[in-house]
Amino acid sequence: MELFKNLPEMDLMRSEKMTFVQLIIPVESAHRAISYLGELGLLQFRDLNEDKSPFQRTFVNQVKRCAEMSRKLRFFKDQIHKAGLLSSALPTMQPDVDLEALEIQLAEHEHELIEMNANSEKLQQTYNELLEFKMVLQKAGDFLLSGKSYETADGRELEENVYVSDYPDSVSLLEQATQSGPSNLSGLRFISGIIPKSKVLLFERMLFRATRGNLLFNQATADDLIMDPVTSEMVEKTVFVVFFSGEQAKTKILKICEAFGASCYPVPEDITKQTQITQEVLSRLSELETTLDVGIRHRNAALHSIGFRLIVWMNMVKREKAVFDTLNMLNFDVTKKCLVGEGWCPIFAKPQIQEALQRATFDSNSQVGIIFHVMDAVESPPTYFRTNSFTNAYQEIVDAYGVAKYQEANPAVYTVITFPFLFAVMFGDWGHGICLLIGALVLIAREGKLSTQKLGSFMEMLFGGRYVLLLMSIFSIYCGLIYNEFFSVPYHIFGASAYRCRDPSCSDAYTVGLIKYRDAYPFGVDPSWRGSRSELPFLNSLKMKMSILLGIAQMNLGIMLSYFNSIFFNNSLDIRYQFIPQMIFLNSLFGYLSLLIIIKWCTGSQADLYHVMIYMFLSPFDDLGENELFWGQRPLQILLLFSALVAVPWMLFPKPFILKRLHAERFQGRAYGILRSSEVDTDSEPGSARQRHEEEFNFSEVFVHQMIHSIEFVLGSVSNTASYLRLWALSLAHSELSTVFYEKVLLLAWGYDNFLIRMVGLAVFAFATAFILLMMETLSAFLHALRLHWVEFQNKFYQGDGYKFKPFSFAAVLADDED
């Protein structure tokens with residue numbers, strides 16, 4: 001035991017040692033101190049104002065100002081995007097700007113942009129009205145010219161062409177022209193205008209019903225699209241002319257036009273007046289086009305200048321808001337004019353934090369320094385692992401199940417190897433492994449470029465696990481070489497087969513006639529097993545037994561880690577009444593099964609291991625007969641069975657009663673201690689970490705918990721061992737799927753002497769390999785490996801009830817906002 005205690009610490013095996021600290025910061029240096037700590041990113045603040053709402057905190061006004069500036073910056077970003085411009089990807093170097101100056105600058109830019117947008121919208125609306133008026137003059141003039149002869153008037157009803165669009169009502173030009181008077185057509189009058197094409201059908205029907213069919217409706221598609229000034233979308237419109245008779249009909253038609261958002265424009269019947277008005281409209285359109293173009297260029301120039309500094313401003317505002325949010329977590333002492341904060345930091349970071357606080361005091365010209373001292377804490381510290389780009393993905397796999405308790409053994413240390421290896425056992429095919437390797441190497445080679453791009457959720461997950469994919473592919477190649485499968489095809493990579501035909505007549509036979517004539521194939525499965533009559537039974541037996549061996553080894557590792565946890569936390573009860581009986585129970589049954597598998601492999605025995613294990617429980621005293629693998633097997637089995645039966649009550653009963661006795665002794669000793677001494681008991685001091693020992697001891701709850709834990713382990717030993725058989729099942733499924741696609745698709749298509757059929761077969765084979773074997777099977781094996789680690793491995797030692805160390809960091813704030 002002393003040997004294990006003196007072993008050097010393993011990186012990532014346990015989380016960083018944390019300490020609880022208190023900061024007393026003068027008001028004049030508070031902002032600068034928090035900013036420097038945010039750049040350092042190694043101190044997690046506690047919220048000392050949890051009982052206060054956000055509007056009752058000290059720096060609520062500053063937070064509101066930052067939120068308002070963020071709104072303005074989002075407005076600028078939307079305007080730049082709407083204008084089709086690009087903001088600068090890299091922040092430009094510029095002199096530092098304080099928050100007040102930036103706030104004034106943003107307000108000026110916002111006022112300028114809003115004013116330019118309003119003017120542009122008005123000009124665009126006027127331009128649209130003139131453009132509509134021009135098109136109405138052209139189209140309606142043609143209708144009136146053709147309507148001079150009543151018999152040839154083009155009265156069409158209920159056109160069926162409908163398009164989805166919309167356009168607001170605009171009739172301001174009606175005030176600038178003469179009202180439409182009576183027509184030459186036997187007292188007929190008319191109203192001309194323009195309407196979105198999507199509304200023409202319903203509009204015409206409504207007019208027909210309102211006037212009971214006493215009208216003539218003419219329409220023509222407008223030549224130009226009209227831009228909506230609000231949405232900037234191009235809208236297709238239709239010009240219409242309605243001929244009617246009577247003042248009552250006119251009133252109805254105008255109301256319907258207003259309801260449908262149609263714009264009505266007066267068109268004189270006189271051709272000379274039409275020509276004159278058209279020339280005036282064209283002249284004003286030309287002037288407005290020039291004005292609009294100048295306005296757009298001016299607005300784009302303003303947006304372009306904002307875009308160069310937009311990222312810098314956004315980052316600055318995010319940082320300032322984060323600083324004030326953190327300051328709101330601190331207590332404000334009005335009398336002493338200082339802020340009091342508490343939080344967690346790693347022990348290794350104390351010198352860096354103290355140096356940052358000293359720099360903040362010096363830079364703020366404060367006469368009083370910042371006090372930084374260590375305190376005792378009741379609650380458990382947060383968990384912090386220093387990871388890099390390689391180990392981070394494996395740590396995330398573990399944290400997805402649960403964050404490690406403070407200083408608890410970290411499964412990620414072993415997951416780095418065991419996770420990709422168990423994946424490869426299920427996925428083993430060195431051809432498919434090479435495909436995964438190429439994908440992983442591409443992601444790693446483009447790591448610098450992809451890390452700065454905004455990726456989709458799937459690609460982001462794939463990029464984050466690029467090193468997991470790398471090891472999975474390498475181990476898949478290794479296991480594929482052991483299985484001797486390359487897209488389900490065996491190869492003589494490591495020499496000739498150990499089997500050959502008995503005589504020349506069996507040269508093409510795969511089921512009979514093969515004999516072993518030399519030593520075993522040097523590495524992996526002999527290629528001659530492929531296609532033989534005993535291929536499936538042999539591979540099934542091999543992979544099933546290998547799965548059991550791997551499972552028992554990993555579960556034993558998990559129980560061993562529980563021992564190191566108990567040593568670290570000085571918990572001798574868990575060693576004596578949990579670790580030892582668990583090791584005895586697991587290895588008396590399934591460890592013994594693993595031993596039998598190895599002996600059978602080494603000796604070539606024909607013993608039936610199913611029979612041995614079943615009758616070990618049913619008839620432990622019977623003679624084994626031909627199933628005996630070694631001398632003394634029967635007494636050993638009786639001893640192991642007895643040990644397993646003893647281990648169950650060993651796990652269940654002693655620990656709760658010992659805990660009850662220890663609690664009674666501790667309570668009695670504390671009572672006598674108070675009587676003997678007049679000093680105040682340190683355990684009752686506020687803030688003492690030992691206050692948690694005064695919790696009431698509930699024996700029934702402890703006993704039930706221990707019973708559940710013991711039963712769970714006993715049943716889990718069986719179910720968890722069976723769960724590892726998924727290694728065999730998925731490996732077999734992957735191999736059989738590969739064989740089916742190769743033989744029933746590729747070889748079948750290649751058997752035809754037709755180029756087209758061969759190409760179709762090759763395409764189907766490539767598609768099936770890429771999407772079924774390389775995507776679906778990869779995901780399936782990944783999830784099963786995940787389950788084996790989360791349930792079968794980690795439940796032996798890992799509680800996972802801690803919480804992550806989340807320091808105040810500008811880098812984390814900016815990264816979260818980008819996501």
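Note that the structure is a prediction, hence the values are computed from the model and not measured. Along each chain, residues carry numbers from 1 onward, in the same order as the chain's sequence is written. Per-residue local features of the predicted model are confined to residues with pLDDT of at least 70, and side-chain atom pairs are confined, for both listing and counting, to 80 or more; whole-chain, interface and lining totals are unaffected and use all residues. By convention in this description, side-chain values take in all heavy atoms of the structure and omit both hydrogens and water.

Asker: Whenever I open this one, the overall build of the protein confuses me. Can you help?
Answerer: Across its full length, the protein holds 23 helices and 13 strands. Only protein chains enter the calculation, and the probe is 1.4 Å; a residue is then buried if its accessible area is under 20% of its type maximum, exposed if over 50%, and partly exposed in between. Scored against the burial criterion, the 819 residues of the protein give a buried share of 43%. A fraction of 81% describes how many contacts in the protein between residues 6 or more apart in sequence connect residues 24 or more apart. Method for areas: the Shrake-Rupley scheme with a 1.4 Å probe, in which residue coverage is limited to the protein chains shown. When the accessible area of the protein is evaluated, it comes to approximately 44100 Å², of which 60% is carbon and sulfur surface. Secondary structure elements are defined from DSSP: runs of H or I of at least 4 residues count as helices, runs of E of at least 2 residues count as strands, and each element is numbered from the N terminus. In this description, contact between two residues means that some pair of their heavy atoms is separated by no more than 4.5 Å.

Asker: How do you make sense of the confidence of the model for the protein when you look at a structure like this?
Answerer: Close reading of the predicted structure is inappropriate where its pLDDT is low. Within a predicted model, pLDDT stands for the predictor's per-residue confidence, ranging from 0 to 100. With 87% of its residues at a pLDDT of 70 or more, the protein has an overall mean of 84. The element-level mean pLDDT for the protein is lowest in helix α1 (residues 2-5), coming to 52, with helix α10 (residues 412-427) highest at 95. Below pLDDT 50 for its whole length, residues 148-186 participates in 89 contacts with residues either more than four positions away or in separate chains. This stretch, residues 671-693, has a pLDDT under 50; its non-local contacts, to residues over four places away or in other chains, come to 21 contacts.

Asker: Quick question: what am I supposed to make of unusual backbone geometry here?
Answerer: The phi angle at Gln407 is positive, at roughly 65°, despite the residue not being glycine. By secondary structure assignment, the location of Gln407 is in the loop between α9 (391-401) and α10. Judged by its relative accessible area of 7%, Gln407 falls in the buried class.

Asker: Could you clarify how one ought to interpret the packing of α10 against helix α22 (residues 755-793) in this entry?
Answerer: In helix packing, the relevant descriptors are the interaxial angle and the interaxial distance, both defined with respect to the helix axes. Where α10 contacts α22, the two axes come as close as 9 Å, and the packing angle between them is 130°. One finds that α10 runs oblique with respect to α22. Judged by the twist between their axes, the crossing of α10 over α22 is right-handed. Here α10 contributes Tyr414, Thr415, Thr418, Phe419, Leu422, Phe423, Met426 and Phe427 to the contact with α22, which in turn contributes Leu773, Leu774, Glu777, Thr778, Ala781, Phe782, His784, Ala785, Leu786, Leu788, His789 and Phe793. In terms of residue class, the contact of α10 with α22 is built from 14 nonpolar, five polar and one charged. For helices, the axis comes from a line fit to the C-alpha atoms of the stretch in contact; other axes are also lines fit to C-alpha atoms, and the angle between any two N-to-C directions lies between 0 and 180 degrees. With respect to orientation, any angle under 35 degrees is reported as roughly parallel, any angle over 145 as roughly antiparallel, any angle of 65 to 115 as roughly perpendicular, and every other angle as oblique. Crossing handedness is defined as follows: a turn of the near helix away from the far one that is anticlockwise and smaller than a right angle gives a left-handed crossing, while the clockwise case is right-handed. Polar here means any residue outside two lists: the nonpolar Ala, Val, Leu, Ile, Met, Phe, Trp, Tyr, Cys and Pro, and the charged Asp, Glu, Lys and Arg; Gly therefore counts as polar.

Asker: Which parts of the structure should I look at to understand the state of the cysteines?
Answerer: Disulfide: a covalent bond connecting the sulfur atoms of a pair of cysteines. Here, a disulfide means two cysteine sulfur atoms that sit within 2.5 Å of each other. One pass over the structure, following the stated rule, counts zero disulfides. For Cys257, which is in no disulfide, the shortest distance to another cysteine sulfur is to Cys264 and amounts to 3.8 Å.

Asker: Honestly, the packing of aromatic side chains in this entry has me stumped. Any pointers?
Answerer: Two numbers describe a pair of aromatic rings. These are the distance of the centres and the angle of the planes. Only Phe, Tyr and Trp rings take part, Trp by its six-membered ring, and two of them pair if their centres are within 6.5 Å. Stacked means planes under 30 degrees apart, edge-to-face means over 60, and tilted covers everything else. Counted under the stated rule, the structure contains 38 aromatic pairs. A ring pair is formed by Phe75 and Phe76, whose centres lie 5.9 Å apart and whose planes are at 55°; its orientation type is tilted. Taking the centre distance of 4.0 Å and the plane angle of 5° together, the rings of Trp529 and Phe538 count as stacked. Look at Phe538 and you get partly exposed, because its relative accessible area is 28%. Site record: aromatic cluster; members linked through ring pairs are Tyr401, Trp790, Phe793, Phe797 and Tyr798. In this scheme, the term charge over a ring applies when either NZ of a lysine or CZ of an arginine sits within 6 Å of the ring centre and within 35 degrees of the ring normal. Over the aromatic face of Trp750 sits the side chain of Arg758, whose NZ or CZ is 5.2 Å from the ring centroid.

Asker: Got a minute to help me understand the pairing of strand β10 (residues 338-346) in this structure?
Answerer: Regular strands place their side chains on alternate faces of the sheet. The buried fraction of β10 amounts to nine of the nine residues, a majority that puts the element mostly inside the structure. Of the two faces of β10, both are covered, the one formed by Cys338, Val340, Glu342, Trp344 and Pro346 as well as the one formed by Leu339, Gly341, Gly343 and Cys345. A pair of strands is labelled paired if DSSP reports no fewer than 2 bridges between them. Here nine bridges tie strand β1 (residues 18-26) to β10, and the two strands are oriented antiparallel to one another. Bridge pairing links Leu23 to Gly341 in β10. Pairing of strand β2 (residues 44-45) with β10, which is carried by two bridges, proceeds in the antiparallel orientation.

Asker: Would you mind going over the nonpolar core with me for this structure?
Answerer: Considering soluble globular proteins, one finds that nonpolar side chains tend to be buried as a cluster. The set of buried Ala, Val, Leu, Ile, Met, Phe, Trp, Tyr and Cys residues whose side-chain atoms join them within 4.5 Å is what this entry labels a nonpolar core. If you look at the biggest cluster of nonpolar residues, it comprises 76 residues, and the most contacted ones within it are Phe419, Phe423, Phe585, Tyr592, Met616, Tyr724 and Leu727. Top element by residues in this core is helix α16 (residues 572-603). It accounts for 12 residues. When neighbours within four sequence positions are excluded, Phe585 is seen to be in contact with Ala644, Ala647, Val648, Phe713, Val714 and Ser717. Phe59, Met116, Ala349 and Tyr406 belong to the second largest nonpolar core, which has 55 residues in total.

Asker: Whenever I open this one, the side chain of Ser473 confuses me. Can you help?
Answerer: Mapping Ser473 onto the fold places it in helix α14 (residues 466-483). Relative accessible area serves as the criterion here: at 0%, Ser473 is assigned to the buried category. Of the polar contacts made by the side chain of Ser473, one reaches the backbone oxygen of Leu470; its length is 2.6 Å. With residues near it in sequence (within four places) discarded, Ser473 still touches Gly433, Leu436 and Leu437. Polar contacts, as used here, are pairs of N or O atoms within 3.5 Å; protein pairs need one atom able to donate a hydrogen and one able to accept it. Residues neighboring in sequence count only if both atoms are side-chain atoms.

Asker: Please clarify how helix α2 (residues 27-40) should be interpreted in this entry.
Answerer: Residues that lie three or four places apart on an α-helix share one face, since the helix turns once every 3.6 residues. Given a helix with a known number of residues, its expected span is that number minus one, times 1.5 Å. With 14 residues, α2 extends 20 Å between its outermost C-alpha atoms, agreeing within 8% with the 20 Å of an ideal straight helix rising 1.5 Å per residue. Restricting attention to buried positions, one finds in α2 the residues Ser29, Ala30, Ala33, Ile34, Ser35, Tyr36, Leu37 and Gly38. Of the residues trailing α2, Gly41 is marked for its positive phi of about 70°.

Asker: Sorry if this is basic, but what is going on with the pattern of salt bridges here?
Answerer: Side chains carrying opposite charge are able to pair once their charged atoms draw close together. Here, a salt bridge means any Lys or Arg side-chain nitrogen found within 4 Å of an Asp or Glu carboxyl oxygen. Inspection of every chain in the model, using the stated rule, returns 22 salt bridges. Put simply, Asp293 and Arg297 hold a salt bridge, and the shortest N to O gap is 2.2 Å. With Asp293 and Arg297 both in helix α7 (residues 271-327) and four residues apart, this pair spans about one turn of that helix. For Glu355, the salt bridge identified is with Arg359, shortest N-O distance 3.7 Å. Placement of the pair is Glu355 and Arg359 together in helix α8 (residues 350-363), with a separation of four residues, close to one helical turn. Residue Glu355 is classed as partly exposed on the basis of its relative accessible area of 43%.

Asker: Help me out: how do you make sense of the environment of Gln637 in this one?
Answerer: Structurally, Gln637 can be placed in helix α18 (residues 633-652). Accessibility expressed as a relative area gives 3% for Gln637, which makes it buried. Separated by 17 residues in sequence, Gln637 and Pro620 place their C-alpha atoms 7.2 Å apart. Beyond its immediate stretch of four places on either side in the chain, Gln637 contacts Tyr592, Val612, Met616 and Leu624.

Asker: Even after reading the chapter, I still don't get the sheet that holds strand β7 (residues 237-244), so can you show me in this structure?
Answerer: Two pairing modes exist for strands in a sheet, parallel and antiparallel, and in both the strands are linked by backbone hydrogen bonds. Spatially, the four strands line up as an open sheet ordered β4-β7-β3-β8, and their pairing is antiparallel. The open sheet has two free edges, formed respectively by β4 (216-221) and β8 (263-264), since each of these has just one partner strand. As paired strands, strand β3 (residues 189-196) and β7 are joined by eight bridges and run antiparallel to one another. Along β7, the bridge assignment pairs Ser192 with Val241. Packed on one face of the sheet, helix α5 (residues 200-210) meets β3, β4 and β7 and runs near 170° to β4.

Asker: Where do I start with the side chain of Gln395 in this structure?
Answerer: Within the secondary structure, Gln395 sits in helix α9. Exposure remark for Gln395: the relative accessible area of 3% places this residue in the buried category. The residues touching Gln395, leaving out its near neighbours within four places in the chain, are Phe385, Thr387, Asn410 and Ala412.

Asker: Would you mind showing me how to read a nonpolar patch on the surface here?
Answerer: Exposure above 30% relative accessible area and the absence of a salt bridge qualify a residue for a patch, where like charges join within 9 Å and nonpolar side chains (Val, Leu, Ile, Met, Phe, Trp, Tyr) within 5 Å. A cluster of nonpolar side chains, namely Phe458, Met459, Met461, Leu462, Phe767, Phe771, Met775 and Met776, defines an oily patch on the protein surface of about 820 Å² accessible area. Taken together, the elements giving at least two residues each to the nonpolar patch come down to α13 (457-464) and α22.

Asker: I'm lost on the packing of α18 against helix α20 (residues 699-723) in this one. Help?
Answerer: Following both chains from N to C, one finds α18 and α20 inclined at 150°, their axes separated by 8 Å at the closest point. With respect to α20, the axis of α18 lies roughly antiparallel. Judged by the sense of rotation from one axis to the other, the crossing of α18 with α20 is right-handed. Residues Val648, Met651 and Leu652 of α18 form the contact with α20, whose participating residues are Phe703, Gln706, Met707, Ser710, Phe713 and Val714. Each residue belonging to the contact of α18 with α20 can be placed in one class, and the counts come to seven nonpolar, two polar and no charged.

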